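# Coordinates in review
Single-letter residue listing:
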Protein chains: 4
Amino acid sequence: MVQDLNMIRVAIIGGSSYTGAESIEILLRHPQAKLTYLTAQSDCGHAADVFPQLRGRLDMMLEPLDIDKLASLADVALCCLPHKISMNTVPKMLAAGLKVVDFSADYRIKDAAVYEKYYEPHTDKQNLAHAVYGLPELFREQIVGAKLVANPGCFPTGASLALAPLLKHGIVKTGGIIVNSVTGVSGGGKNPTPNFHFPYMNENIYPYGVGVHRHGPEIEQVASMVAGKPVELLFQPHVGPFDRGILTTTYSDPTGSITSEQVMKLYQDFYKGERFVQVVSKPPAVKHVAKSNYCHIFPTVVKGKVVVFSAIDNLVKGASGQAVQNMNLICGLPETMGLE
Amino acid sequence: MVQDLNMIRVAIIGGSSYTGAESIEILLRHPQAKLTYLTAQSDCGHAADVFPQLRGRLDMMLEPLDIDKLASLADVALCCLPHKISMNTVPKMLAAGLKVVDFSADYRIKDAAVYEKYYEPHTDKQNLAHAVYGLPELFREQIVGAKLVANPGCFPTGASLALAPLLKHGIVKTGGIIVNSVTGVSGGGKNPTPNFHFPYMNENIYPYGVGVHRHGPEIEQVASMVAGKPVELLFQPHVGPFDRGILTTTYSDPTGSITSEQVMKLYQDFYKGERFVQVVSKPPAVKHVAKSNYCHIFPTVVKGKVVVFSAIDNLVKGASGQAVQNMNLICGLPETMGLE
Amino acid sequence: MVQDLNMIRVAIIGGSSYTGAESIEILLRHPQAKLTYLTAQSDCGHAADVFPQLRGRLDMMLEPLDIDKLASLADVALCCLPHKISMNTVPKMLAAGLKVVDFSADYRIKDAAVYEKYYEPHTDKQNLAHAVYGLPELFREQIVGAKLVANPGCFPTGASLALAPLLKHGIVKTGGIIVNSVTGVSGGGKNPTPNFHFPYMNENIYPYGVGVHRHGPEIEQVASMVAGKPVELLFQPHVGPFDRGILTTTYSDPTGSITSEQVMKLYQDFYKGERFVQVVSKPPAVKHVAKSNYCHIFPTVVKGKVVVFSAIDNLVKGASGQAVQNMNLICGLPETMGLE
Amino acid sequence: MVQDLNMIRVAIIGGSSYTGAESIEILLRHPQAKLTYLTAQSDCGHAADVFPQLRGRLDMMLEPLDIDKLASLADVALCCLPHKISMNTVPKMLAAGLKVVDFSADYRIKDAAVYEKYYEPHTDKQNLAHAVYGLPELFREQIVGAKLVANPGCFPTGASLALAPLLKHGIVKTGGIIVNSVTGVSGGGKNPTPNFHFPYMNENIYPYGVGVHRHGPEIEQVASMVAGKPVELLFQPHVGPFDRGILTTTYSDPTGSITSEQVMKLYQDFYKGERFVQVVSKPPAVKHVAKSNYCHIFPTVVKGKVVVFSAIDNLVKGASGQAVQNMNLICGLPETMGLE
């Protein structure tokens, strides 16, 4: 396959993370993008030493970030840095002329006060103002043409896609919504901790972040944007003994009477033509979307509540796949390229 | 350790099932109970051939059920038969003079019409009428002195213990309650099926029984008994890639204002003195109760909802351990014997 | 990406198996191959109903095999049928003019007497005579130009690649070789059985096929072909609680003195230029080759024995990936196409 | 159950480790032993805070070790400290009059030079001289009456029990023996590391300690003691994605001709009367011995080699269970007490 001379040149910043590794995997298969620069804060060295699965497949170094080098080598950066570090770095990349898809939370929460309650003092409100929330199925028009895309959190992706049709059409009340999720352990990142140590995590499942998880306000923000008015919801994550995937179960109260058939039809219409969101006729399973950019959604009505299940791969549609989808959009490539 | 001459003689009926095996394990450690008779429908033969983990530990045969033999050998039967078969067998055991703890659903649902909607035509309404629901922490007084105990379902055990204090004291509304559970795979039994085939189930999690799971009405029945009025709730089970355990997350709406501290105090008081229900100060994990008869419960208030988490081992507190707890009660032994 | 008018048209026969599903996944990413026909013995219907992970990605039916339809639609068939059924079907496909890569054991064992000892009476000795054993790194020249390729077994792939350099160069004795392997559970196929039921298989590992596993003689055949004289080895498989991957550990006795450095150099030279065989500098892990067509090999000398470790994905390099590699070779495409 | 006035008073030193936790679990069920003192280096505090599974079951503190307090409270110490720290502490405990079962490697290797090659300079050769290697099935007579027992390593337990009958009776050559083992992850201890981080370890299996694992010389020492002459063997460990258990596969060359039936008979005779070693008629599985002190062994002959499989729980027969077995022996209690 002859490579296009007009290949997009892509840098991955923070490439030694799980989302960095997943981004590399996806870009290796992308026909119009070329990896040109990989950086890491720690774990520098040959990519195949950091990630043995790349042996023989990628002959590049992970090196400390140099903005000038970045500017000379890349058109777009996938920034996999953690929050706080991201908002210290992104302004420099933008100033150097790159387009940026940022994986951290730093540009997701539009209300800096909300951000600061859950994270840190915000040090880049200027770019926050024009950053676009990168959930293409809901905000595609804003993403095209953006210079800075805030790639959504993993939980917010699964939850927002599950709830959007209901909220957009006013089918359910905007209060009292419950979002109950179970994530695989890779969502916790690469750093070993007692809670994710194999002998503790295997044969286990437990809730965490009770009442305080940072993705709660992000989900509320998206839900409110879609509903056009404030939405209040309760988000409760759990972690289970698998590597990848998020299963989300949402419970909400309909504003009027509605049947399972009606809600199914609503979802089919809402997501018609969306490649990566599949409204399925049976409850989803995370294994059905593993290693893919797809989200499977099954909506129904049970005992007077609207119950919607969604399944995604937290590292793909919940992170790197969606980032490439956003990258495609802001670079003028077909949205699904490299992701099918 | 010299054995008491007045050891209780126990039969396990349907001993080749997972609950049968777990019952055997528990009774092997019970200081006042002696296994005297093991039966199986299929998988007859030496116990150590059916369950290699019993090699060198139990020299007994699993044999087809003979009621006369049962009557001559045992004082009490743990009946691990599936529903329908159970209600065909239990009357004979009772008629032969045995006390019975039955693991099936056949004697759990007091309203035969509800039972028949979810299961089969009920063929033993006579014994159904005097069967006692065997959740000792809630119905201890009725259990002592019973001849037939309906051992609770695994999900209903975790859900009922999580919700009882709220409902008993009218803290939450009796409608709109959500019970979201994730069970380990052993809850699906010993029979291999595509859904529980390792390459499908591993690295997977999915909902099932959407809107139709048989444990829903059982949970509602217990909740209503505790509340003293009809309770309506939505029960949604999921299955995850682990052998044992059920994590239940309940969401309900308080009738008045209540704080996390108040709800915690309520639970501590309600379960004060209960050995097997531990109100914990952090969210529970199923690994903390694996292979034990304990239930860990953590209640709190999040965004105006009362959220309660409970964790049990589905095969112990959710089945065989609770059955032995019930056996102890109906046989006049200390309730916790053999279970600590 | 414009599709070549001369795309290879590929049929998958027995497409509802795990190897069928994996073949579909690989071919969906193959730039010069087009899936034109899918058959199944059972589990017919829309591909996305049989494999929910294909929802939105493949709009084809799995249908019963019709040889005439096959002949009109495809140039090459990947035949994922089980042994015996395969040798009843392959002759018809060859007669209809197709090239065939066969996944079963039916055309792997050159000595029909050996085959018949481990399998069935052989009913297609004619095609057996000209079938080529499809391990490209060892037998590439014979594969190019073949009409019928016998795709190697999963264990034989990992074992043969681990042992070949030693045997080719007479570094180790041709007797007393031990091949100790651990496979993931998908190697056992899609059919649910008690041994692979999740609650039995999880948290478990056990040997099987002691002294009788059918892959033993296949490994010996390849080893003997490479060595140029009869090789006798002991193959012992085990199965562990993971979906995918085979880790093989071989132990053999050197004919003369040799160091770890020398054996490492030997392997690096032997596999120089081979894309899919990577000689690594640290012991391999099956996760490093999951979902890829790569084999990682680490050779060393310990206490006077040559110890070689290899890791493959049993469904990719051990089945469908290698089949596509063979398909590329017999169809005149670049060998690595669609597999990187 | 009334407690015997002559209960053995037991201290667990280093109680916050996995082996400490397992020792606590076993002793809670022991009818003649009473936990009187728990110490920890870090993770001090209430036992139920360190190990939530002990909530409601053990009301004791884990506290820093005080030798005087230990001497006043306990008759025997299970010392779960790591090597080096153990040999600094054990002399003080012995001097204070306690009997000690030590879990570390410090008193296992009789030849201090070998110890020092794999570990540290040995600082307590005096006690090393009279320490007894605590594998009761092989060295019971020496253990009874010992003051200091070196509890065997987990791999050496499984390997030694697998090989002992062959070596004792000169059935196999004393050179060229291969010991291939796969352990569960708890064998690596409680400290989180990248190699045992869930997203790395799950769906994975890999070799480690190639040529340098410290249990190699320990296995050789035991094998040589049993054989009565030097034995040389190659020990290769692997780690797989399960919590508990070690499956060991040994390969050795018979000195003369021997059949599977003969070797089976040899093992049955050798282990006749041993409660915890079961010679089984089918290959073992680690799940069959999980959470038990049993070792399942299956010996056979394949292609001229004697192949022996053994399965143990690395934390029970491979650590804490065997320690209690040793404790029983040195304290004059029935050997199997608390372990059945």
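This is a predicted model, so every value here is computed, not measured. Numbering of residues begins from 1 in every chain and follows the order in which that chain's sequence is written. Working convention: letters from A go to chains and numbers from 1 go to ligands, in the order in which they are written. The model is predicted, so local features are restricted to residues of pLDDT at least 70 and side-chain atom pairs to those at 80 or more, both for listing and for counting; the totals for chains, interfaces and linings are taken over all residues. Side-chain measures were taken over the full set of non-hydrogen atoms in the model, leaving aside hydrogen atoms and water.

### Remarks on the relation of the copies chain A and chain C
Here two copies of a chain appear, and what relates them is a rotation about an axis with a shift along it. Copies are brought into register by a least-squares superposition over C-alpha atoms of residues with pLDDT of at least 70 in both. Once chain A has been moved 0.0 Å along the axis and rotated by 180°, it coincides with chain C to within an RMSD of 0.0 Å. The transformation just described matches what one would write down for a two-fold rotation axis. Whether two residues touch is decided by their heavy atoms; if any such pair falls within 4.5 Å, the residues are in contact. Most of the interface of chain A is mirrored in chain C, where 100% of its interface residues are also at the interface.

### Side note on the interface of chain A and chain C
Contacts between chain A and chain C engage 19 residues on the former and 19 residues on the latter. Buried surface area refers to the total accessible area, computed with a probe of radius 1.4 Å, that the two partners give up upon joining, counted for both partners together. Of the roughly 1,800 Å² buried between chain A and chain C, counting both surfaces, carbon and sulfur atoms make up 54%. One speaks of a salt bridge when a side-chain nitrogen belonging to Lys or Arg is within 4 Å of a carboxyl oxygen belonging to Asp or Glu. Taken together, chain A and chain C are joined by two salt bridges. Linking Lys287 of chain C and Asp243 of chain A is a salt bridge whose minimum nitrogen-to-oxygen distance equals 2.5 Å. Here a polar contact is recorded for every N or O atom pair within 3.5 Å, except that within protein the pair must consist of a potential hydrogen donor and a potential acceptor, and residues adjacent in sequence are included only if both atoms are side-chain atoms. Taken together, the links from chain A to chain C amount to four residue pairs in polar contact (both at pLDDT 80 or more). Here the side of chain A that touches chain C is built from residues that sort into four nonpolar, six polar and nine charged. The classification used treats Ala, Val, Leu, Ile, Met, Phe, Trp, Tyr, Cys and Pro as nonpolar, Asp, Glu, Lys and Arg as charged, and all other residues, Gly among them, as polar.

### Comments concerning the pattern of salt bridges
For the structure on display, the rule yields 72 salt bridges over all chains. Glu120 of chain B serves as the salt-bridge partner of Lys84 of chain B, at 3.9 Å between the closest nitrogen and oxygen. Residue Lys84 of chain B is located in the loop between β5 (76-79) and α4 (85-95), and its partner Glu120 of chain B is located in the loop between α5 (112-118) and α6 (125-130); the two are separated by 36 residues in the primary sequence. For Asp43 of chain C, the salt bridge goes to Lys190 of chain C, with nearest N and O atoms at 3.6 Å. Taken together, the residues Asp43 of chain C in the loop between β2 (33-39) and β3 (45-46) and Lys190 of chain C in the loop between β9 (177-183) and α9 (198-201) connect sequence positions 147 residues apart. Salt bridges linked by common partners bring Glu22, Arg244 and Asp313 of chain A together as one network. Secondary structure elements follow DSSP: runs of H or I of four or more residues count as helices, runs of E of two or more count as strands, with numbering from the N terminus.

### Re the pairing of strand β12 (residues 246-252) of chain A
In the case of a regular strand, side chains alternate between the two sheet surfaces. All names here are of chain A. When a residue's accessible area, from a 1.4 Å probe over protein chains only, is under 20% of the maximum for its type it is buried; when over 50% it is exposed; and in between it is partly exposed. Of all seven residues making up β12, seven are buried, and the element is well covered by its neighbours. Of the two faces of β12, the one carrying Ile246, Thr248, Thr250 and Ser252 and the one carrying Leu247, Thr249 and Tyr251 are both buried. Only strands that DSSP links by at least two bridges are regarded as paired with each other. In terms of strand pairing, strand β9 (residues 177-183) meets β12 through six bridges, oriented antiparallel. Among the inter-strand pairings, Ile178 is bridged to a residue of β12, identified as Tyr251. Alignment of β12 against strand β15 (residues 305-312), held across seven bridges, turns out to be antiparallel. Note on β15: the bridge partner recorded for Leu247 is Ala311.

### Quick look at the side chain of Asp106 of chain D
All names here are of chain D. Of note, Asp106 is situated in the loop between β6 (99-102) and α5 (112-118). Charge assignment in this entry is limited to Lys and Arg as positive and Asp and Glu as negative, and neither His nor the chain termini are counted. Although Asp106 lies buried, it forms no salt bridge, and the closest oppositely charged side chain, Arg108, sits 8.3 Å away as judged by the N-O distance. At a separation of 2.9 Å, a polar atom in the side chain of Asp106 contacts the main-chain amide nitrogen of Met87. Beyond its immediate stretch of four places on either side in the chain, Asp106 contacts His83, Lys84, Ser86, Met87, Tyr115, His122 and Leu128.

### Looking at the environment of Ser252 of chain A
Residues and elements named next belong to chain A. Tracing the sequence through the fold places Ser252 in strand β12. Residue classification places Ser252 among the buried positions, given a relative accessible area of 0%. In sequence terms Ser252 and Val172 are 80 residues apart; their C-alpha atoms lie 6.3 Å from each other. If sequence neighbours within four positions are ignored, Ser252 has contacts with Leu166, Val172, Ile177, Lys305 and Val306.

### Remarks on the sheet that holds strand β6 (residues 99-102) of chain A
Strand pairing in a sheet takes place through backbone hydrogen bonds and is either antiparallel or parallel in direction. Residues and elements named next belong to chain A. Spatial strand order, β3-β4-β2-β1-β5-β6-β8-β7: eight strands in an open sheet with mixed pairing. With one partner strand each, in any of the chains shown, β3 (45-46) and β7 (132-133) form the two edges of the open sheet. With four bridges joining them, strand β1 (residues 8-13) and strand β5 (residues 76-79) adopt parallel strand pairing. Each bridged residue has a counterpart across the sheet, and for Ala11 the counterpart in β5 is Ala77. Orientation is described by axes fitted as lines to C-alpha atoms, over the contacting stretch for helices, and by angles from 0 to 180 degrees between their N-to-C directions. Against the sheet, helix α1 (residues 18-28) makes contact with β1, β2 (33-39) and β5, and its axis sits at roughly 160° relative to β1, the strand it touches most.

### As for the confidence of the model for chain A
Residue-level confidence of the predictor is what pLDDT reports, using numbers from 0 through 100. Looking at chain A, the pLDDT average stands at 96 and 99% of residues meet or exceed 70. Both scores are available for the predicted complex, with the pTM at 0.97 and the ipTM at 0.96.

### What about the domain arrangement of chain A?
All names here are of chain A. Each assigned domain of chain A is listed with its residue range as follows: domain 1 (8-152 + 318-330) and domain 2 (155-314). Domain delimitation follows an automatic or database domain assignment. Once you take the C-alpha centre of each, domain 1 and domain 2 turn out to be 24 Å apart. Between domain 1 and domain 2, the contact holds 27 residues from the first and 28 residues from the second. Across the domain 1/domain 2 interface, buried area totals approximately 2,200 Å², and carbon plus sulfur atoms make up 55% of it. The largest per-residue losses of area from domain 1 upon contact with domain 2 belong to Tyr18, Tyr118 and Glu137, which jointly make up 26% of the total buried on that side. Joining domain 1 to domain 2, the criterion identifies four salt bridges. Run the count over domain 1 and domain 2 and you get 14 residue pairs in polar contact (both at pLDDT 80 or more). Where the side of domain 1 that touches domain 2 is concerned, the elements lending two or more residues are α1, α5 (112-118), α7 (136-143) and α12 (316-330).

### Some remarks on the packing of helix α8 (residues 154-168) of chain C against helix α11 (residues 260-270) of chain C
Residues and elements named next belong to chain C. Interhelical geometry of α8 versus α11 gives an angle of 105° and a closest axis separation of 10 Å. It follows from the interaxial angle that α8 and α11 lie roughly perpendicular. Along the contact surface, α8 presents Leu161, Ala162, Leu163, Ala164, Pro165, Leu166 and Lys168, while α11 presents Val263, Leu266, Tyr267 and Phe270. A breakdown of the residues in the contact of α8 with α11 according to their chemical character gives ten nonpolar, no polar and one charged. Should an angle fall under 35 degrees it is called roughly parallel, over 145 degrees roughly antiparallel, and 65 to 115 degrees roughly perpendicular, with every other angle called oblique.

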